[in-house]
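So the chains spell out like this:
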Amino acid sequence: MKKKDRNQRKEHVGKFFLQLIEKNLRKPELPDCLSPVFANSVQATNGVEQYEKMSGKISRLLEFGEKKGFDYDQILDSKPGKSIIAGEILTLYKNKMGSGSFEKLLQNSLDKTLVKNIPNIENGADLNIEDTVNLAYKEFNKYLSGKAT
């Protein structure tokens with residue numbers, strides 16, 4: 001598989017996952033630059049084989065939904081989108097969340113992203129990076145725990 005193809009798959013599954021969690025991450029008004037960190041973490045969580053499997057499922061679901069005249073959001077909100085595919089992603093995440101190393105890696109990625117994007121963040125000078133990282137991780141974890149049960 002070409003590197004370009006792998007990157008497109010990463011974006012495909014990551015975008016799907018992000019679409020599901022995005023509303024919850026916006027509630028505490030977290031900086032937008034953090035959302036892609038969560039989307040990109042899907043690949044690290046699942047590994048290549050699981051990732052490709054999910055990508056295939058999402059592609060088939062999108063193809064089926066488009067044939068029926070549904071748009072992207074409607075397809076995501078469908079029972080197969082929310083229950084089956086999202087359920088698999090959330091189960092894999094929930095299993096990884098117990099690992100202290102996963103938590104540290106995700107928090108470090110959030111921290112690096114905030115530091116790099118401070119000039120672009122509204123009120124970035126007043127932003128407490130540590131508090132923002134902790135809030136983002138807490139909200140993300142709360143979402144995963146609530147959806148997975």
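Residues numbered from 1 in each chain as written. Predicted model: local features only at pLDDT ≥ 70, side-chain atom pairs only at ≥ 80, totals over all residues. Heavy atoms only, no water.

Taking 1.5 Å of rise per residue, 19 residues should cover 27 Å, and helix α4 (residues 79-97) covers 25 Å from first to last C-alpha, within 8% of that figure. Where α4 bends most, at glycine 87, the angle is about 35°. Restricting attention to buried positions, one finds in α4 the residues Gly81, Ile85, Ala86, Ile89, Leu90, Tyr93 and Met97. (Helix = DSSP H or I, 4+ residues; strand = E, 2+ residues; numbered from the N terminus. Expected span 1.5 Å × (residues − 1). Bend = angle between axes of the 7 residues up to and from the residue. Buried < 20%, exposed > 50% of the residue type's maximum accessible area, 1.4 Å probe, protein only.)

The next subject is the pattern of salt bridges. Pairing between side chains of opposite charge can happen when their charged atoms approach one another. Enumeration over the complete set of coordinates arrives at 3 salt bridges. Here glutamate 88 ties to lysine 57 by a salt bridge, and the two come within 2.3 Å at their closest N and O atoms. Taken together, the positions of glutamate 88 in helix α4 and lysine 57 in helix α2 (residues 35-67) put the pair 31 residues apart, joining distant regions of the chain. For lysine 57, a relative accessible area of 21% corresponds to the partly exposed category. With a shortest N-O distance of 3.7 Å, glutamate 63 and lysine 67 are connected by a salt bridge. Of this pair, glutamate 63 and lysine 67 both sit in helix α2, separated by 4 residues, roughly a single helical turn. (Salt bridge = Lys/Arg side-chain N within 4 Å of Asp/Glu carboxyl O.)

A few words on the nonpolar core. Counting residues in each nonpolar core, the largest one holds 38 residues, and the members touching the most others are Phe17, Tyr93 and Phe140. Elements supplying a minimum of two residues to this core: α1 (3-26), α2, α3 (72-77), α4, α5 (100-117) and α6 (129-148). Top contributing element to this core by residue count: α2, with 9 residues. (Core = buried A, V, L, I, M, F, W, Y, C linked by side-chain atoms within 4.5 Å.)

Turning our eyes to something else, we now look at the environment of leucine 30. Relative to the assigned elements, leucine 30 resides in the loop between α1 and α2. Accessibility expressed as a relative area gives 11% for leucine 30, which makes it buried. With sequence-adjacent residues up to four places away left out, leucine 30 is seen in contact with Leu25, Thr132, Leu135 and Ala136. (Contact = heavy atoms within 4.5 Å.)

Further remarks concern the packing of α2 against α4. To describe two helices that pack against each other, one gives the angle between their axes and the distance between the axes. Two elements in contact, α2 and α4, have axes whose closest approach is 10 Å; the angle formed by their N-to-C orientations is 155°. Here α2 is positioned roughly antiparallel relative to α4, judged by the angle of their axes. Of the two possible hands of crossing, α2 and α4 adopt the one that is right-handed. Here α2 contributes Phe38, Ser41, Val42, Thr45, Asn46, Gln50, Met54, Lys57, Ile58 and Leu61 to the contact with α4, which in turn contributes Pro80, Gly81, Ile85, Glu88, Ile89, Leu92, Tyr93 and Lys96. Taken together, the residues of the contact of α2 with α4 break down into 10 nonpolar, 5 polar and 3 charged. (Axes fitted to C-alpha atoms, helices over the stretch in contact; angles between N-to-C directions. Parallel < 35°, antiparallel > 145°, perpendicular 65-115°, else oblique. Left-handed = near helix turned anticlockwise from the far one by under 90°. Nonpolar A, V, L, I, M, F, W, Y, C, P; charged D, E, K, R; others polar.)

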